[in-house]
Amino acid sequence: TASFREESMATASEIAAVGVIGAGQMGSGIAQLAAAAGCAVLLLDADSAALTRAVASISASLRRLAAKGQLSQVRRVDLPSYYPTQIGPGHSVKDAAEAFPSDKFWVRLVFQAACEDSIKRIRCVSTVQDLREADLVIEAIVENEHVKKKLFVELDKITKPSAILASNTSSISITRLASATKRPSQVIGMHFFNPPPIMRLIEIIRGADTSDEVFAAVKSFSERLGKTVICSQDYPGFIVNRILMPLINEAFWALYTGVATKEDIDTGMKLGTNHPMGPLQLADFIGLDVCLSVLRVLHNGLGDNKYSPCPLLVQYVDAGRLGKKRGVGVYSYGQKSSNVKP
Ligand code: 3HC
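Residues numbered from 1 in each chain as written. Predicted model: local features only at pLDDT ≥ 70, side-chain atom pairs only at ≥ 80, totals over all residues. Heavy atoms only, no water.

The protein is annotated in an unreviewed UniProt entry as 3-hydroxybutyryl-CoA dehydrogenase from Digitaria exilis.

Spelled out as structure tokens, the structure:
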């Protein structure tokens, strides 16, 4: 029953095995975070080429962080005996960093060990059945409610009764996804930001039936990943996208109506408001198709014309100009191929 499931549900410290579905940019970043925090990770994608790319990008990202001594997800790692006694077996990466604050050589070596240890924790799998042992499953598949619901039905059947099912959706209702399962109290939104290893936030979304226990477990698990947590109720766009997407849309309106060039719009917001990227560059980074889909969810769900997508954004998406991933969006990106129609 639901109450039995709530009582026996894994707490944050008991979340030992994490299933991540979707080996794209978000899924691979989430898998990396969970592995670096010491979890056994099952990374699932039906496309074996996507899995190969994901493992390569996780290794590269971990190496970049390790080289800088910045694997923020500090955990115990069984270091080999040839390390100095202060940081040998039984000591954590944090102990090492503290033992040798000024000795970059040892700190780097220890972070390197943590990085290799993390990579070994990731197992690539190809079917949902492989997620039977997961304590927490985080899906980061295509942003389509019908496809996500089908996946939740399957996960509900296959995962153990105590497992928590989380979605990395950027705007689809958690309550509706939860209603596809017989365990709505154990369904929750865990919204990561791109790139997950670098961005410091996780937005947690409570569906109408998400239990306090599940919320508490996912919150402390997110903190274990080194992130700050904010909590949103289940309304369209949650907190961040509700505010970010109208900003991006407005930048498209400014471009569409000839207020300024794309470069000046972006420079204005970068230097005038200290954003790391201008809104048009950020839209390309996120994917123009994703921005459009979130705006449509906001427009349909909140019924206000201020969320109506700018025609220029719609036209770019229609033309296949989806942003950085396609080599062209508002801007063009080097030699990458694109499917843009003229
Ligand atoms: N793994 C490890 N390190 C990484 C990394 C990764 N995946 N991505 C970037 N880095 C590191 C780089 O190595 C670099 O390190 P260094 O400073 O020591 O050399 C550092 O991060 C900065 O990277 P870059 O020099 O390549 O480039 P930038 O300084 O422009 O930083 C950025 C890149 C962190 C992406 C920054 O531009 C930024 O913060 N942009 C805004 C991103 C943002 O807003 N994301 C949220 C989008 S909304 C979303 O995701 C929600 C969805 O629902 C739509």
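Novice: Describe the side chain of R183, and please don't skip the residues or the numbers.
Specialist: With respect to the element layout, R183 can be found in the loop between helix 7 (174–178) and strand 6 (187–192). A polar side-chain atom of R183 sits 2.7 Å from a polar atom in the side chain of D156. (Helix = DSSP H or I, 4+ residues; strand = E, 2+ residues; numbered from the N terminus. Polar contact = N/O pair within 3.5 Å; in protein donor to acceptor, adjacent residues only side chain to side chain.)

Novice: Account for the domain arrangement of the protein, with residues named and values stated.
Specialist: The assigned domain composition of the protein is domain 1 (2–63 + 122–233) and domain 2 (242–336). Distance between the C-alpha centres of domain 1 and domain 2: 28 Å. Contacts between the two partners involve five residues from domain 1, matched on the other side by five residues from domain 2. Taken over both partners, the interface formed by domain 1 and domain 2 buries close to 400 Å², and the fraction arising from carbon and sulfur atoms is 59%. Between the two partners, domain 1 and domain 2, sit zero salt bridges. One can count zero residue pairs in polar contact (both at pLDDT 80 or more) joining domain 1 with domain 2. Here the side of domain 1 that touches domain 2 is composed, by residue class, of one nonpolar, three polar and one charged. (Domains from an automatic or database assignment. Contact = heavy atoms within 4.5 Å. Buried area = accessible area lost by both parts, 1.4 Å probe. Salt bridge = Lys/Arg side-chain N within 4 Å of Asp/Glu carboxyl O. Nonpolar A, V, L, I, M, F, W, Y, C, P; charged D, E, K, R; others polar.)

Novice: I'd love a proper account of the sheet that holds strand 2 (residues 40–44), names of residues and values included.
Specialist: Spatial ordering of the open sheet is given by 3-2-1-4-5-6-7-8, a layout of eight strands whose pairing is mixed. Each of the sheet's edge strands pairs with one partner strand only, and the pair in question is strand 3 (122–125) and strand 8 (228–233). Averaged over neighbouring strand pairs, the angle between their axes works out to 25 degrees when direction is ignored. Here strand 4 (residues 136–139) pairs with strand 5 (residues 164–167) via four bridges, running parallel. Residue pairing across strands places L136 opposite I164, the latter belonging to strand 5. Along the sheet, helix 6 (residues 145–158) makes contact with strand 1 (17–21), strand 4, strand 5 and strand 6, crossing strand 5 at roughly 165 degrees. (Pairing = 2+ DSSP bridges. Axes fitted to C-alpha atoms, helices over the stretch in contact; angles between N-to-C directions.)

Novice: Go over the packing of aromatic side chains with me, naming the residues and quoting the values.
Specialist: The description of an aromatic ring pair rests on the distance of the ring centres and on the angle between the ring planes. As enumerated under the stated definition, the model contains two aromatic pairs in all. With 6.2 Å between their ring centres and 75 degrees between their planes, F252 and Y316 make a pair best called edge-to-face. In this pair, F252 sits in helix 9 (residues 240–256) while Y316 sits in helix 13 (residues 311–318), placing the two residues 64 residues apart along the sequence. Like Y316, F252 is buried. When the ring centre of Y316 is taken as reference, the NZ or CZ atom of R321 above it lies at 4.3 Å. (Phe/Tyr/Trp six-rings, centres within 6.5 Å; stacked < 30°, edge-to-face > 60°. Buried < 20%, exposed > 50% of the residue type's maximum accessible area, 1.4 Å probe, protein only. Lys NZ or Arg CZ within 6 Å of the ring centre and 35° of its normal.)

Novice: So what's going on with the site of the ligand? Residues and values would help.
Specialist: Not every one of the 19 residues close to the ligand is listed here, only the nearest: S61, K68, S170, H191 and N194. Residue S61 places a side-chain N or O atom 2.5 Å away from a nitrogen atom belonging to the ligand. Separating an oxygen atom of the ligand from a side-chain N or O atom of R64 is a distance of 3.0 Å. Taken together, the elements giving at least two residues each to the shell around the ligand come down to helix 3 (48–67), helix 9 and helix 11 (279–286). (Near = heavy atom within 4 Å.)

Novice: Please provide a residue-by-residue account of the nonpolar core, values included.
Specialist: Counting 42 residues, the largest nonpolar core has V18, L43, L136, M190 and F192 as the members making the most contacts within it. A per-element tally of this core places helix 2 (residues 25–36) first, with seven residues. Beyond its immediate stretch of four places on either side in the chain, F192 contacts M26, I30, L33, I138, N168, L201, I202 and L225. Counting residues in hydrophobic clusters, the runner-up holds 27 residues, among them L244, Y307, C310 and V330. (Core = buried A, V, L, I, M, F, W, Y, C linked by side-chain atoms within 4.5 Å.)

Novice: Break down the packing of helix 11 against helix 12 (residues 288–302) for me, with residues and values.
Specialist: Any two packed helices are characterised by how steeply their axes cross, that is the angle between the axes, and by the distance between the axes. The interhelical angle for the contact between helix 11 and helix 12, taken along N-to-C directions, is 100 degrees, at an axis separation of 6 Å. In terms of their interaxial angle, helix 11 and helix 12 are classed as roughly perpendicular. Counting all contacts with helix 11, which are made through A283, D284 and I286, the residues of helix 12 involved are L288, V290 and C291. Here the residues of the contact of helix 11 with helix 12 sort into five nonpolar, no polar and one charged. (Parallel < 35°, antiparallel > 145°, perpendicular 65-115°, else oblique.)

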